[in-house]
Amino acid sequence: MNVLITGASGGLGRALADECARRGYNLYLTDVDETSLHTLKGGLQRQYGIETAVYACDLTNPQGVDALLSDIDHLGIRLDMLLNVAGVDYEGGFLHRDRENITKIVALNDEATLRITHAALSRRNPNGRFSLVFVSSLASMFPMPLKATYAASKRFLLDFAMALRLELRDQKVSVLTLCPGGLATTQQAMRGIAAQGFWGAATTNPLESVARRTIDRALRGRSLYIPGTLNWTLAQIGKIIPRSWAAAVVYRRWNRAQQEWLHPDPSGCGSAST
């Protein structure tokens, strides 16, 4: 089993790489952080003895992706699984973010994901099934004021993956969309979870469990994985109530959370989050 993982040096990418290596899969890992990639490669090879190749690449750069693909071709790798993990968000309201930050969310989360997915599908192993995973988000289930671009970019992945699943079902390709709630992947992410109070903690998913169950479901040909009973329930509620109501509730919660997180009270007496 040969697995390509994007965003491999981040929290979820590392957890998925570790899970795949534990199962004995060979890995091709890419991320923008070359140092972290080589550190990850060394650790996986020492612990599991699997074949691991790494290539540092900015997936928003078409020439960089072409060079990565040339490396895959040079190594003669035919892929059995692609885990699309690479993504980015910049917290804060639309007008509070730099214009280039806003467009980078779409460039990496959507455009780059399409680019690497198209390339990987043309390099799949012709003798077996191919498992394709898109990392979307629970945010894809709702319009999200103050995270509008991010949520919309993840909604694109959710809808695209569902459509592609049907398009490729007769070509031995399965497509799974992962829609987690919070993930403690970085210090910034953990601060954001803490700022949301109870709801941040209640909707957060443990990385190792999410990684293990994602691979299990991908291999079983499932279409959607929303980790956690509460997150699954919230997603179902989001399908029932008017989207304008959902947006209003989300705005109220995220406005409080971001006030505490991004714009703390100088007196140290920030408002409580719910």
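Draft legend 1. The arrangement of the pattern of salt bridges in detail. Summed over the entire model, instances satisfying the criterion amount to 8 salt bridges. As a salt-bridge pair, Arg 123 and Asp 73 come within 2.9 Å of each other at their nearest N and O atoms. Of the two residues, Arg 123 sits in the loop between helix H4 (99-121) and strand S5 (130-135) while Asp 73 sits in helix H3 (residues 62-75), which places them 50 residues apart along the sequence. Judged by its relative accessible area of 15%, Arg 123 is buried. Glu 111 serves as the salt-bridge partner of Arg 115, at 2.9 Å between the closest nitrogen and oxygen. Of this pair, Arg 115 and Glu 111 both sit in helix H4, 4 residues apart, which is roughly one turn of that helix. The exposure class of Glu 111 is partly exposed, given its relative accessible area of 43%. Several salt bridges converge on common partners, so that one network encompasses Glu 19, Arg 22, Arg 23 and Asp 216.

Draft legend 2. Focus on helix H2 (residues 34-48). A rise of 1.5 Å per residue sets the reference length of H2, with its 15 residues, at 21 Å; its end C-alpha atoms lie 21 Å apart and thus fit the reference within 8%. Among the residues of H2, Ser 36, Leu 37, Leu 40, Gly 42 and Leu 44 are the ones counted as buried. Buried residues along H2 sit against helix H1 (11-22), strand S2 (26-31) and strand S3 (52-56). Of the residues one or two after H2, Gly 49 is the one with positive phi, at around 65°.

Draft legend 3. Region of the structure containing the side chain of Ser 136. Structurally, the position occupied by Ser 136 is in the loop between S5 and helix H5 (148-167). By relative accessible area, which is 2% here, Ser 136 ends up buried. When sequence neighbours within four positions are dropped, the list of residues in contact with Ser 136 reads Lys 154, Leu 157, Leu 158, Thr 177, Leu 178, Cys 179 and Pro 180.

Draft legend 4. Representation of the pairing of S5. Burial analysis of S5 places 6 of its 6 residues in the buried class, the great majority of the element. With 4 bridges connecting them, strand S4 (residues 81-84) and S5 associate as parallel partners. Paired with Leu 83 across the strands is Val 133, a residue of S5. With respect to chirality, the unit in which S4 leads through H4 into the neighbouring parallel S5 is right-handed. Two elements, S5 and strand S6 (residues 173-178), share 6 bridges in a ladder whose sense is parallel. Bridge pairing links Leu 132 to Val 175 in S6. Handedness of the S5-H5-S6 crossover: right-handed.

Draft legend 5. Quick peek at the confidence of the model for the protein. On average, residues of the protein carry a pLDDT of 88, and 85% of them reach 70 or more. Scored below 50 in pLDDT, residues 265-274 makes 16 contacts in the model with residues more than four places away or belonging to other chains.

Rules behind the numbers
Residues numbered from 1 in each chain as written. Predicted model: local features only at pLDDT ≥ 70, side-chain atom pairs only at ≥ 80, totals over all residues. Heavy atoms only, no water. Salt bridge = Lys/Arg side-chain N within 4 Å of Asp/Glu carboxyl O. Helix = DSSP H or I, 4+ residues; strand = E, 2+ residues; numbered from the N terminus. Buried < 20%, exposed > 50% of the residue type's maximum accessible area, 1.4 Å probe, protein only. Expected span 1.5 Å × (residues − 1). Contact = heavy atoms within 4.5 Å. Pairing = 2+ DSSP bridges. Right-handed = clockwise from strand over helix to strand, strands pointing away. pLDDT = per-residue confidence, 0-100.

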